[in-house]
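# Chains, contacts and geometry: an overview
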Amino acid sequence: LPLGNATGIRKIVIDPGQAFGTGTHASTRLALEWIDALAPALEVGARVLDVGTGSGVLALAAAALAPVNVVGFDLDPVAVSEARTNVERARCADRVKLFSGGLEALAAPPFDLVVANLLSSEALPLLAGLAACTRPGGHAIFSGLLAAEIAGFSAALRAAGFTSLSVREFEDASGDRWAAALTRR
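Residues numbered from 1 in each chain as written. Predicted model: local features only at pLDDT ≥ 70, side-chain atom pairs only at ≥ 80, totals over all residues. Heavy atoms only, no water.

### A few points about the nonpolar core
The nonpolar side chains of soluble globular proteins are, as a tendency, buried together. Counting 34 residues, the largest nonpolar core has Val 68, Val 70, Val 96 and Ile 141 as its most contacted members. Contributing elements (two or more residues each) for this core: helix H1 (26-38), helix H2 (57-65), helix H3 (77-89), strand S5 (96-100), strand S6 (111-117) and strand S9 (177-184). No other element matches the eight residues that H2 contributes to this core. Setting aside chain neighbours within four positions, we find Val 96 in contact with Ala 59, Ala 63, Val 70 and Val 87. Counting 25 residues, the second largest nonpolar core, distinct from the first, contains Val 71, Phe 111, Leu 130 and Ala 179. (Core = buried A, V, L, I, M, F, W, Y, C linked by side-chain atoms within 4.5 Å. Buried < 20%, exposed > 50% of the residue type's maximum accessible area, 1.4 Å probe, protein only. Helix = DSSP H or I, 4+ residues; strand = E, 2+ residues; numbered from the N terminus. Contact = heavy atoms within 4.5 Å.)

In structure tokens, the structure reads:
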């Protein structure tokens, strides 16, 4: 999976095993594009949260593109095990920490960037909690949304305390149009 920004091209090798996420799905691609765009502005030691980490592809992308510390979590312990294997293979275990559990297990300080590549039905109940763990002025990326859902999802984002900055869309081979929103807390 090649990624690139002003710092050059990076290659991430993912073996999803039994976890979701190879980097090729439209929603993952959109999230990766946003991470790639934001990475140059992330300061050394910035904190990034990967919500529903799956194979760890988004966590690894953040770690490959910026000098950040990443926390990733998933409700599925098998996914966390697969992600951990990918993190170790990429030699990023010193900057990427993973756990199996929910949002309530997170501790302060807040995160500079939150990335959630989840279906809207999974993301909506988490919005208030994600706002609480995003530092004021920090960014959050919400991908995994169908373009037709973006208006309603944007209203929920505003209600949770996020300001929508921009939306990217991508149509996959089946004709589904996916969206990813970049927000600020």
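### Describing the pattern of salt bridges
Opposite charge on two side chains allows them to pair when their charged atoms are near. Applying the stated criterion across every chain, the model contains four salt bridges. Between Arg 168 and Glu 33 there is a salt bridge; the shortest N-O distance is 3.2 Å. With Arg 168 in strand S8 (residues 163-171) and Glu 33 in helix H1, this residue pair connects regions lying 135 residues apart in the sequence. Overall, Glu 33 belongs to the partly exposed group, its relative accessible area being 32%. A salt bridge links Arg 177 to Glu 169; its shortest N-O distance comes to 2.8 Å. Classification of Arg 177 as partly exposed rests on a relative accessible area of 38%. Among the residues examined, Glu 169 registers a relative accessible area of 37% and is labelled partly exposed. (Salt bridge = Lys/Arg side-chain N within 4 Å of Asp/Glu carboxyl O.)

### Considering the sheet that holds S8
Read from one edge to the other, the open sheet built from seven strands follows the order S5-S4-S3-S6-S7-S9-S8, with strand pairing classed as mixed. Each having just a single partner strand, S5 and S8 make up the two edges of the open sheet. Here the strands of the sheet are splayed against their neighbours by 15 degrees on average, with no regard to which way each runs. Relative to strand S4 (residues 69-74), strand S3 (residues 47-51) runs parallel, the two being bridged by five bridges. Following the sheet pairing, Asp 50 is matched in S4 by Gly 72. Strand contacts of helix H6 (residues 150-160): strand S7 (134-146), S8 and S9, with the helix running at about 155 degrees to S7, the strand carrying the most contacts. (Pairing = 2+ DSSP bridges. Axes fitted to C-alpha atoms, helices over the stretch in contact; angles between N-to-C directions.)

### A look at the pairing of S6
Of all seven residues making up S6, seven are buried, and the element is well covered by its neighbours. Pairing of S3 with S6, which is carried by four bridges, proceeds in the parallel orientation. Looking at the pairing, Leu 49 lines up with Val 114 of S6. Inspection of the sheet shows S6 paired to S7 by six bridges, in the parallel sense. Pairing of Ala 116 across the sheet is with Phe 142, part of S7.

### Observations regarding the packing of aromatic side chains
Two numbers describe a pair of aromatic rings. These are the distance of the centres and the angle of the planes. By the definition in use, this model includes three aromatic pairs. On the basis of an interplanar angle of 15 degrees and a centroid distance of 5.4 Å, the ring pair of Phe 73 and Phe 99 is categorised as stacked. Residue Phe 73 is found in strand S4, and its partner Phe 99 is found in strand S5; the two are separated by 26 residues along the sequence. For Phe 73, a relative accessible area of 5% puts it in the buried group. An aromatic cluster of at least three residues, connected via ring pairs, comprises Phe 142, Phe 153 and Phe 162. Taking NZ or CZ as reference, Arg 47 lies 4.1 Å from the ring centre of Phe 111, over its face. (Phe/Tyr/Trp six-rings, centres within 6.5 Å; stacked < 30°, edge-to-face > 60°. Lys NZ or Arg CZ within 6 Å of the ring centre and 35° of its normal.)

### Side note on the packing of H1 against H2
Contact pair H1 / H2: the axes reach a minimum separation of 10 Å and the direction vectors enclose 20 degrees. By the angle class used here, H1 and H2 are roughly parallel. Crossing geometry of H1 relative to H2 is assigned as right-handed. Contact residues: Thr 28, Ala 31, Leu 32, Ile 35 and Asp 36 in H1; Val 57, Leu 58, Ala 61, Ala 62 and Leu 65 in H2. In terms of residue class, the contact of H1 with H2 is built from eight nonpolar, one polar and one charged. (Parallel < 35°, antiparallel > 145°, perpendicular 65-115°, else oblique. Left-handed = near helix turned anticlockwise from the far one by under 90°. Nonpolar A, V, L, I, M, F, W, Y, C, P; charged D, E, K, R; others polar.)

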